[in-house]
Amino acid sequence: MPHLYEPLLVGSMPLANRVVMAPLTRDRAPGQVPTALMAEYYAQRADPLTGAGLIVSEATQICPEGQGYFDTPGIHSDEQVAGWRRVTEAVHARGGRIVVQLWHVGRISHTSLQPGGVAPVSSTARSSGTKTFTAQGFEDTSAPRALRSDEIPGVVQAYRRAAERAIEAGFDGVEVHGANGYLIDQFLRDSINDRSDTYGGPIENRARLLVEVMAAIVAAIGGGRTGLRLSPVTPSNGAPPDSDPQALMGHVMTELKPLKLAYLHVIEGQTGGARDVAPFDYEAMHRAFDGAWMVNNGYTKPMAEQAVAGGDADLVAFGRGFIANPDLTRRLREGSPWNTLNRDTLYGGGAEGYTDYPALA
Ligand code: 8OZ
């Protein structure tokens, strides 16, 4: 019986256990550069016995235009790569493994966060109708500008370059953020994508950006250290449901097969919310994928242990659990209680509610 607390080889990444720290935006990178405090935070959660078998970093912008929130880190400048190197070295010194989540927010942004104060880019010129977190607090997202067809190769190139930078920074691999209503999801969903070029219309066209991004990254760093996160039905960030998410994801799985990705990370239901927000057959998606299957969203100890023992998942990602418990894997294994999450310190600030959650004695 495969066991949640046993090692697993994921692509080319040997993991000490199958508990994953989910990507978590914490807005603690002033000037978009990772800090020593961030290195401490990740290292606290990297112990092979008490912490995550794999850490997925917070979402990290691949280019200046990919930023949509205040003080989120990037991986496009030399200074950012040097900052991340401190993080990966601290995690590896503890015996852990870490991939960086590669992010382009698309229209979930604000002109104050964009180079030159221009409109953010998307698949569409229609606004998300949601808010984002800027230097001024929560503000409406700015109206986007639809990317021209001839600009899309540049976006793909920015993903490829960021993946190369990730390896330079010492990451074990990358996870592409294809979820939660950000740029890639803005192309995937027919509820958002209103294009008339080869990146809009039928499923094959709407999936084209994602497939080109994944192929470019795999060509650069190899499938064995490349993962992808998807959220087939989440309504996050003003993303209304696609008219046929099952067919959309089925096509994506078919296109990804030859790339031999290390893992697929799927958010079941509404991100951070109801698991049953909309009907979706995750098992069908799982059957169509050859790599490791990572599940996420509100898992408890019994759910996670059962998912892995029953073959429904290879890896289980925990978000909120890892914010408040650096030793979450130990607590899961021993059935110990979890620390209480402080919601007031989730985004921005310093060590409080970040590196001061206690581990068990
Ligand atoms: C919470 C706050 C800001 C961003 C996501 C990257 O939902 C995020 C995010 C979450 O994927």
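Each remark here, short or long, concerns the structure printed above.
First, a word on what this report is: a plain description of the structure on this page. (Residues numbered from 1 in each chain as written. Predicted model: local features only at pLDDT ≥ 70, side-chain atom pairs only at ≥ 80, totals over all residues. Heavy atoms only, no water.)

**Let's talk about the site of the ligand**
Basically, it comes down to this: If even one non-hydrogen atom of a residue comes within 4 Å of a molecule or strand, that residue is called near it. Two N or O atoms count as a polar contact when they lie within 3.5 Å, although within protein this holds only if one can serve as hydrogen donor and the other as acceptor, and sequence-adjacent residues are included solely when both atoms are side-chain atoms. Computed by Shrake-Rupley with a 1.4 Å probe, the accessible areas treat only the displayed protein chains as cover when residues are assessed. Space inside and on the surface of the protein is sampled on a 1 Å grid over the protein atoms alone, with a cavity defined as a set of points where a 1.4 Å probe fits but cannot get out and a pocket as an open set with protein on both sides within 12 Å along at least 5 of 7 lines; lining residues have an atom within 4 Å of a point. Any molecule with more than half of its atoms within 2 Å of a cavity's or pocket's grid points is regarded as sitting in that cavity or pocket. Only Asp, Glu, Lys and Arg are considered charged, only Ala, Val, Leu, Ile, Met, Phe, Trp, Tyr, Cys and Pro nonpolar, and every remaining residue, Gly among them, polar.
Around the ligand sit Thr25, Ala59, Tyr69, Trp103, His177, Asn180, Tyr182 and Tyr347, and those are all the residues in its vicinity. Here an oxygen atom of the ligand sits 2.7 Å away from a polar atom, N or O, in the side chain of His177. The fraction of the free accessible surface of the ligand (300 Å²) that becomes covered by protein chains is 77%. The cavity that encloses the ligand is the largest pocket. For the shell around the ligand, the per-class residue count stands at five nonpolar, three polar and no charged.

**Section: the packing of helix α3 (residues 152–168) against helix α6 (residues 208–221)**
In plain terms, the rule: Working convention: axes come from line fits to C-alpha atoms, limited for helices to the stretch in contact. Angles between N-to-C directions cover 0 to 180 degrees. The helix and strand labels rest on DSSP assignments: H or I over at least four residues marks a helix, E over at least two residues marks a strand, and numbering proceeds from the N terminus. In this scheme the handedness of a crossing depends on how the near helix is turned from the far one: anticlockwise by less than a right angle means left-handed, clockwise means right-handed. What makes two residues a contact is simply this: any of their non-hydrogen atoms within 4.5 Å.
Axis separation between α3 and α6 bottoms out at 9 Å; the angle between their running directions is 35°. For the pair α3 and α6, the sense of crossing is right-handed. For the pair formed by α3 and α6, the contact residues are Ile152, Val155, Val156, Tyr159, Arg160, Ala163, Glu164 and Ile167 on the first element and Leu209, Glu212, Val213, Ala216, Ile217, Ala220 and Ile221 on the second. Looking at the contact of α3 with α6 residue by residue, the class counts come to twelve nonpolar, no polar and three charged.

**Here's the deal with the sheet that holds strand β5 (residues 98–103)**
As a reminder of what qualifies: Any two strands with at least two DSSP-identified bridges between them are counted as paired.
In space, the eight strands of this closed barrel follow the order β3-β4-β5-β10-β11-β12-β13-β14, with parallel pairing throughout. Between one strand axis and the next, the sheet turns by 25° as a mean value, whatever way the strands run. In this sheet, strand β4 (residues 54–61) lies alongside strand β3 (residues 19–21) in parallel orientation, the contact comprising two bridges. Looking at the pairing, Met21 lines up with Ile55 of β4.

**A few points about the nonpolar core**
Definition in use: Throughout this description, the term nonpolar core refers to a set of buried Ala, Val, Leu, Ile, Met, Phe, Trp, Tyr and Cys residues connected via side-chain atoms within 4.5 Å. Only protein chains enter the calculation, and the probe is 1.4 Å; a residue is then buried if its accessible area is under 20% of its type maximum, exposed if over 50%, and partly exposed in between.
Formed by 86 residues in total, the largest nonpolar core has its most connected members in Leu102, Leu209, Leu230 and Leu264. Here the element with the most residues in this core is α6; it accounts for nine residues. In this structure Leu264 touches Leu228, Leu230, Met253, Leu256, Met285, Phe289, Ala292, Trp293 and Met294, once residues within four positions along its chain are discounted. Within the second largest apolar cluster, 14 residues are counted, among which are Val20, Val56, Ala262 and Tyr263.

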